Amino acid sequence: MTRYPEWDLNEEQKAVVFQPGGPLLVLAGAGSGKTRTLTYRVAWLMQLGISPSRIMLATFTNKAARSMLSRVMEITGSSIPMLWGGTFHSLAHRILRRHADLIGYGKDFTIVDAEDATQIINFCLTDKIARRDARFPKGNLIREVWSLCVNTHRTLEDCVEERFPHLIQYLEDMKMVVESYGERKRLLNVMDFDDLLVNCHRLLSEFDEVRSYYAEHFQHVLIDEYQDINTLQGEIADMVASGHCNIMVVGDDSQSIYSFRGADYRNILTFPERYRDCQIFRLETNYRSTPEILQMANLSIRNNNRQFPKVLRAIRRGGRKPVLIQVRNATRQAEFVAKKIEELKQTGVNFQEIAVLYRAHYQSMEVQMELVRRGIPFEIRSGIRFFEQAHIKDVAAYLRVLVNGRDEMAWRRILNHLEKVGPATIGRVWQEIGQVPDPLAEFLSPKTINLVPRAARSGLEKLQKLLEGLLQGGYISNPAGAISYVIEQGYGDYLATNYTDYRDRLDDLVHLSDFAIPFPSLGEFLNEIALLTGPAEDTALVEQERVVLTTIHQAKGLEWQVVFVIWVAEGKLPLARALNDPEGEEEERRLFYVAITRAKDQLYLSYPAVEYSRTEGYGYVLPSRFLKEIQVAARKEQIEPFECLVNEET
């Protein structure tokens with residue numbers, strides 16, 4: 001009879017850790033100790049006499065791998081330098097270093113970063129597409145679009161048609177550039193980050209001797225965060241595990257939220273179909289949240305049809321019910337959050353134990369402003385502060401030159417967007433217009449065209465037309481209209497030809513335009529955002545505790561004592577654009593589920609009753625369908641899922 005060690009594991013975890021082998025699907029609910037389970041599984045395999053060199057552990061991040069392996073060494077008291085642990089990319093890299101020559105690369109190939117990869121594509125653009133119009137996608141955009149194709153296992157044509165329809169007219173030229181990019185990488189003996197997966201997959205699928213070697217070598221394959229892997233990673237795992245079929249995948253289909261970057265949750269849903277003899281285990285004991293918070297999470301996620309049903313059960317005693325707050329508008333919502341944070345601090349809750357979550361980055365703008373006004377320290381995990389984002393600063397630069405023609409940095413910023421204009425030309429333009437009393441009038445004069453190369457003149461003429469339109473259109477006293485005008489007259493096209501996330505950036509700018517509505521002049525508007533941006537932080541304060549502001553996507557895997565989820569409203573969560581995808585609603589519901597399960601003790605959900613936009617005026621805001629679903633399910637079970645505070649004044 002096998003003697004099991006007296007490890008501190010619950011019965012669900014023990015059932016997984018001490019399994020002898022075979023295909024294992026572990027459905028690990030939020031806060032259920034999946035990392036602990038994986039760690040002890042590796043330790044148990046080693047105690048059974050499995051050599052660490054014959055175990056592969058694939059994790060979502062290298063940090064997670066280091067943490068798990070360190071813990072394994074603590075448990076076993078053994079050094080494990082031979083264990084293959086890391087991300088799929090790092091594991092693929094190790095395989096490629098041994099066999100790259102089989103696919104036409106030297107084993108001394110170099111890995112290029114995003115900047116170098118973009119530079120290679122720019123060389124290909126110059127070589128293959130000599131004449132391009134202003135809307136032709138830039139090198140960095142082509143690189144990001146192709147990366148999305150690789151990670152979603154789709155053709156360039158399918159990807160462009162679905163995600164970037166404004167680039168359809170350039171599809172054939174983009175295909176030519178991508179083909180040239182691949183050829184040039186082989187010639188230079190370099191691979192980009194995506195090539196590590198593509199070429200490893202090619203080695204395993206096209207060379208039987210390579211696949212057979214690794215399939216026989218690895219006796220056990222363990223994969224963390226299985227719901228977040230893409231198609232290539234899933235197929236690589238299947239091929240490596242094909243020899244012994246001892247593959248254990250750990251994940252939670254209810255937390256699959258990264259389809260936008262290639263994750264395919266069908267990997268986890270179809271695992272039992274690919275491995276007919278697999279055993280399914282559920283980790284449903286939650287160590288993080290109160291029963292009241294988990295009750296809401298369970299009531300919500302049950303509405304998804306495509307899932308493995310599970311019910312989270314709390315170890316902790318009961319606490320406060322989640323609180324739903326309807327406030328007057330976005331400003332009141334921000335005031336409520338800030339005031340409640342101050343109250344929590346007074347009761348002994350540290351700032352770093354408080355998080356504000358949102359679906360899209362622009363939704364945090366009012367909260368950021370209110371925290372600045374009240375002097376509450378915070379950090380942004382979903383990017384940088386709203387008014388410090390490049391696209392916000394770009395549009396502000398157009399407005400700044402109208403208010404202050406001597407603003408050299410604003411001039412340099414907008415001139416830098418012109419095609420065929422470099423630092424030397426920008427310096428020459430500024431030297432010419434900066435010496436006169438009215439630089440803006442000087443820039444708009446016909447002679448300015450002679451300061452730039454012939455190839456750049458059409459772009460400069462468009463900029464002159466844009467600035468003239470702002471002046472003549474009365475936008476000095478209409479900041480909201482000025483922002484919209486800049487977008488319509490070319491900046492929107494600039495975003496679309498440079499960024500894969502251009503829709504998110506446009507959403508930010510629309511929100512900025514709505515924020516600008518109450519301001520009677522550009523000067524007052526620009527002064528306000530400058531003051532809200534504030535001075536650089538004192539380095540001595542960097543380590544102080546701070547409230548965390550982050551998108552739900554960035555919050556996955558984290559937890560806080562108190563969580564605020566703002567903008568829990570139709571069109572915001574779920575995000576309206578996401579609902580255009582047939583599977584969008586279920587993924588948005590999974591996002592909501594992830595947001596709820598970040599909270600340990602207290603959960604606050606809020607939405608404004610009214611929203612104002614420049615294009616549509618005032619409109620009523622509906623609570624999220626996810627809230628309504630919870631209420632319907634709760635009534636059937638005769639329970640109250642949350643406290644309601646309607647029209648609370650702050």
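Residues numbered from 1 in each chain as written. Predicted model: local features only at pLDDT ≥ 70, side-chain atom pairs only at ≥ 80, totals over all residues. Heavy atoms only, no water.

## Here we look at the nonpolar core
- If you look at the biggest cluster of nonpolar residues, it comprises 85 residues, and the most contacted ones within it are Phe387, Phe443, Leu467, Phe515 and Phe525.
- For this core, the leading source of residues is helix 22 (residues 479–496), giving nine residues.
- Within the second largest apolar cluster, 44 residues are counted, among which are Cys200, Leu232, Val249 and Phe308. (Core = buried A, V, L, I, M, F, W, Y, C linked by side-chain atoms within 4.5 Å. Buried < 20%, exposed > 50% of the residue type's maximum accessible area, 1.4 Å probe, protein only. Helix = DSSP H or I, 4+ residues; strand = E, 2+ residues; numbered from the N terminus.)

## Focus: the pairing of strand 18 (residues 617–620)
- The sheet contact formed by strand 17 (residues 610–613) and strand 18 spans four bridges and is antiparallel. In the strand pairing of strand 18, Tyr612 is matched with Tyr618.
- In this antiparallel pair of consecutive strands, strand 17 and strand 18, the connection spans three residues. (Pairing = 2+ DSSP bridges.)

## Topic: the pairing of strand 16 (residues 599–608)
- For strand 16, the tally of buried residues reaches nine of 10 residues, placing the bulk of the element in the interior.
- As paired strands, strand 11 (residues 323–327) and strand 16 are joined by five bridges and run parallel to one another. Note that in strand 16 the partner of Leu324 across the bridge is Leu605.
- Looking at chain direction, strand 15 (residues 560–565) and strand 16 are connected through five bridges and run parallel. Each bridged residue has a counterpart across the sheet, and for Phe564 the counterpart in strand 16 is Tyr604.
- Each parallel crossover has a hand, and the one from strand 15 via helix 26 (residues 584–596) to strand 16 is right-handed. (Right-handed = clockwise from strand over helix to strand, strands pointing away.)

## Points about helix 8 (residues 171–188)
- The terminal C-alpha atoms of helix 8, which comprises 18 residues, lie 25 Å apart, in line with the 26 Å expected from a rise of 1.5 Å per residue.
- Along helix 8, the residues that are buried comprise Leu171, Met174, Val177, Val178, Ser180, Tyr181, Gly182 and Lys185.
- Note on helix 8: the residue one or two positions beyond its end, Asn189, has a positive phi of about 60 degrees. (Expected span 1.5 Å × (residues − 1).)

## Quick look at helix 4 (residues 88–99)
- Taking 1.5 Å per residue as the helical rise, helix 4 with its 12 residues ought to reach 16 Å, and the 17 Å between its terminal C-alpha atoms agrees with that figure.
- Here helix 4 has its buried residues at Phe88, His89, Leu91, Ala92, Ile95, Leu96 and His99. With its buried residues spanning 160 degrees around the axis, helix 4 presents them on a single face. (Arc of directions from axis to C-beta.)

## Digging into unusual backbone geometry
- With an omega of 15 degrees, the peptide bond between Leu573 and Pro574 qualifies as cis.
- Locating Pro574 in the fold gives a position in the loop between strand 15 and helix 26.
- With a phi angle near 60 degrees, Asn189 is a residue other than glycine that sits in the positive phi range.
- Tracing the backbone through its elements, the reader meets Asn189 in the loop between helix 8 and strand 5 (190–191).

## A look at the domain arrangement of the chain
- Domain annotation of the chain identifies domain 1 (11–96 + 202–283), domain 2 (110–188), domain 3 (292–377 + 536–646) and domain 4 (388–533).
- Taking the mean C-alpha position of each, domain 1 and domain 3 sit 32 Å from one another.
- If you look at the interface, domain 1 gives 24 residues, while domain 3 gives 19 residues.
- Buried area between domain 1 and domain 3, both sides added, is near 1900 Å², and the carbon and sulfur share of it is 54%.
- Linking domain 1 with domain 3 are five salt bridges, by the criterion used here.
- Residues Arg313 and Glu12 are paired through a salt bridge, measuring 2.5 Å at the closest nitrogen-oxygen approach.
- One can count 13 residue pairs in polar contact (both at pLDDT 80 or more) joining domain 1 with domain 3.
- Listed by contribution, the elements that provide at least two residues to the side of domain 1 that touches domain 3 are strand 1 (24–28), helix 12 (266–269) and strand 8 (279–283).
- Among the elements that take part in the side of domain 1 that touches domain 3, helix 12 stands out by supplying three residues, more than any other. (Domains from an automatic or database assignment. Contact = heavy atoms within 4.5 Å. Buried area = accessible area lost by both parts, 1.4 Å probe. Salt bridge = Lys/Arg side-chain N within 4 Å of Asp/Glu carboxyl O. Polar contact = N/O pair within 3.5 Å; in protein donor to acceptor, adjacent residues only side chain to side chain.)

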